[in-house]
Amino acid sequence: GDGFFNELNLLEHYADVVFAVNDIGMFLPKVDHWVSLHGMNISKWKAVRWMHPRPGEATKYHSVDAYQDIDYVWSNLTPCLALSGYFAMQIAYIMDADRIILAGCPGDSTRRFFDIPGQRREAGQFSYDEKGVKEQVIHEMKRLPDFKERVRSMSGWSRDYFGAI
């Protein structure tokens with residue numbers, strides 16, 4: 001939400017490797033891995049970022065489908081967590097990250113960075129509960145307790161579930 005960039009400022013001294021998720025990658029000062037379940041959008045987001053080049057950046061792009069600009073296709077990942085933020089968390093775990101910190105991935109109706117300031121997500125919009133997203137995450141963390149131990153979050157349900165930094 002409006003707190004995402006505040007969360008990002010707090011994380012600057014924690015992040016060795018940055019996994020950007022979806023369109024937020026256009027705005028981050030550093031992106032090592034850019035992840036989305038919406039691979040068809042990566043080229044558009046990448047083009048916006050190219051208008052503001054970052055010296056020496058060698059971003060790798062990840063999705064579940066083989067679209068233009070995707071370096072790593074995770075089509076056989078089972079289970080594939082249902083939200084791009086959790087999918088990125090999953091890839092970081094597979095890549096053996098010691099510590100995974102979620103920023104802007106509250107896992108509840110907390111405003112995300114692209115929502116209108118001052119508003120919570122309304123009933124009838126995407127619901128984490130009705131889609132079984134939380135249940136999927138909980139199930140996967142029970143299956144892989146080492147995974148859960150590596151994750152912390154900055155806000156929302158995911159902070160309550162994984163713990164704060």
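Residues numbered from 1 in each chain as written. Predicted model: local features only at pLDDT ≥ 70, side-chain atom pairs only at ≥ 80, totals over all residues. Heavy atoms only, no water.

Chemist: Any chance you could explain the environment of Gly85 here in plain terms?
Modeler: By the secondary structure assignment, Gly85 is in helix 3 (residues 84-94). Between the C-alpha atoms of Gly85 and Ala103, which are 18 residues apart in sequence, the distance is 9.0 Å. Those residues in contact with Gly85, other than ones at most four positions away along the chain, are Val21, Leu102 and Cys105. (Helix = DSSP H or I, 4+ residues; strand = E, 2+ residues; numbered from the N terminus. Contact = heavy atoms within 4.5 Å.)

Chemist: So what exactly am I meant to see when it comes to the side chain of Ser155 here?
Modeler: By secondary structure assignment, the location of Ser155 is in the loop between strand 6 (151-153) and helix 6 (156-162). Discounting chain neighbours no more than four positions away, the residues touching Ser155 are Glu7, Cys105 and Pro106.

Chemist: Just to check I follow, could you spell out the packing of aromatic side chains for this structure?
Modeler: Given two aromatic rings, one states the distance between the centres and the angle between the planes to describe the pair. Under the definition given, this model contains four aromatic pairs. Residues Tyr93 and Phe147 carry aromatic rings whose centres are separated by 4.2 Å and whose planes lie at 15° to one another, so their mutual orientation is stacked. Of the two residues, Tyr93 is situated in helix 3 and Phe147 in helix 5 (residues 145-150); the sequence distance between them amounts to 54 residues. The two residues Tyr93 and Phe147 agree in class, both being buried. Ring geometry for Tyr161 versus Phe162: centroids 5.0 Å apart, planes at 80°, classification edge-to-face. Like Tyr161, the residue Phe162 is buried in the burial classification. (Phe/Tyr/Trp six-rings, centres within 6.5 Å; stacked < 30°, edge-to-face > 60°. Buried < 20%, exposed > 50% of the residue type's maximum accessible area, 1.4 Å probe, protein only.)

Chemist: Would you take a moment to explain the nonpolar core for this structure?
Modeler: Side chains of nonpolar character tend, in soluble globular proteins, to be buried together. Membership of the largest hydrophobic core comes to 18 residues, with the highest contact counts inside it found for Tyr86, Met89, Ile100 and Phe162. Contributing elements (two or more residues each) for this core: helix 3, strand 5 (100-102), helix 4 (133-143) and helix 6. The greatest single-element share of this core, amounting to four residues, is contributed by helix 3. Core analysis: the second largest hydrophobic core is formed by eleven residues, Leu28, Ile42, Trp45 and Ile70 among them. (Core = buried A, V, L, I, M, F, W, Y, C linked by side-chain atoms within 4.5 Å.)

Chemist: Explain the sheet that holds strand 2 (residues 33-35) to me, please; I cannot follow it from the model alone.
Modeler: Hydrogen bonds along the backbone pair up the strands of a sheet, which may run parallel or antiparallel. Judged by pairing direction, the sheet is parallel, and its four strands sit side by side in the order 1-2-3-4 without closing on themselves. Edge positions in the sheet fall to strand 1 (19-21) and strand 4 (72-73), since each has one partner strand and no second. Sheet topology note: the strand 2/strand 3 (residues 60-63) ladder contains three bridges and is parallel. Paired with His33 across the bridge in strand 3 is Lys60. Contacts from helix 2 (residues 42-50) reach strand 2 and strand 3 within the one sheet, and its direction differs from that of strand 2 by about 140°. Lying on the sheet, helix 3 is in contact with strand 1, strand 2 and strand 3; it crosses strand 1 at an angle near 160°. (Pairing = 2+ DSSP bridges. Axes fitted to C-alpha atoms, helices over the stretch in contact; angles between N-to-C directions.)

Chemist: Explain helix 2 to me, please; I cannot follow it from the model alone.
Modeler: Each α-helix turn comprises 3.6 residues. Residues three or four places apart therefore point the same way. Within helix 2, burial applies to Ile42, Trp45, Lys46 and Arg49. The buried residues of helix 2 occupy an angular sector of 100° when projected down its axis, which confines them to one face. Looking at the buried positions of helix 2, the neighbouring elements they touch are strand 2 and strand 3. (Arc of directions from axis to C-beta.)

Chemist: Hey, could you run me through the pairing of strand 3 in this one?
Modeler: In the case of a regular strand, side chains alternate between the two sheet surfaces. Bridge analysis of strand 3 against strand 4 gives two bridges, and the strand direction is parallel. Among the inter-strand pairings, His62 is bridged to a residue of strand 4, identified as Tyr72.

Chemist: Looking at this structure, how should I read helix 3?
Modeler: Within helix 3, ten of the eleven residues are buried, leaving the element largely enclosed by the surrounding structure. Restricting attention to buried positions, one finds in helix 3 the residues Ser84, Gly85, Tyr86, Phe87, Ala88, Met89, Gln90, Ile91, Ala92 and Tyr93. A positive phi of about 70° marks Asp96, the residue just after helix 3.

Chemist: Would you take a moment to explain the environment of Gly39 for this structure?
Modeler: Note on placement: Gly39 falls in the loop between strand 2 and helix 2. Residue classification places Gly39 among the buried positions, given a relative accessible area of 1%. Separated by 34 residues in the primary sequence, Gly39 and Val73 place their C-alpha atoms 9.4 Å from one another. If sequence neighbours within four positions are ignored, Gly39 has contacts with Ser63, Tyr67 and Ile70.

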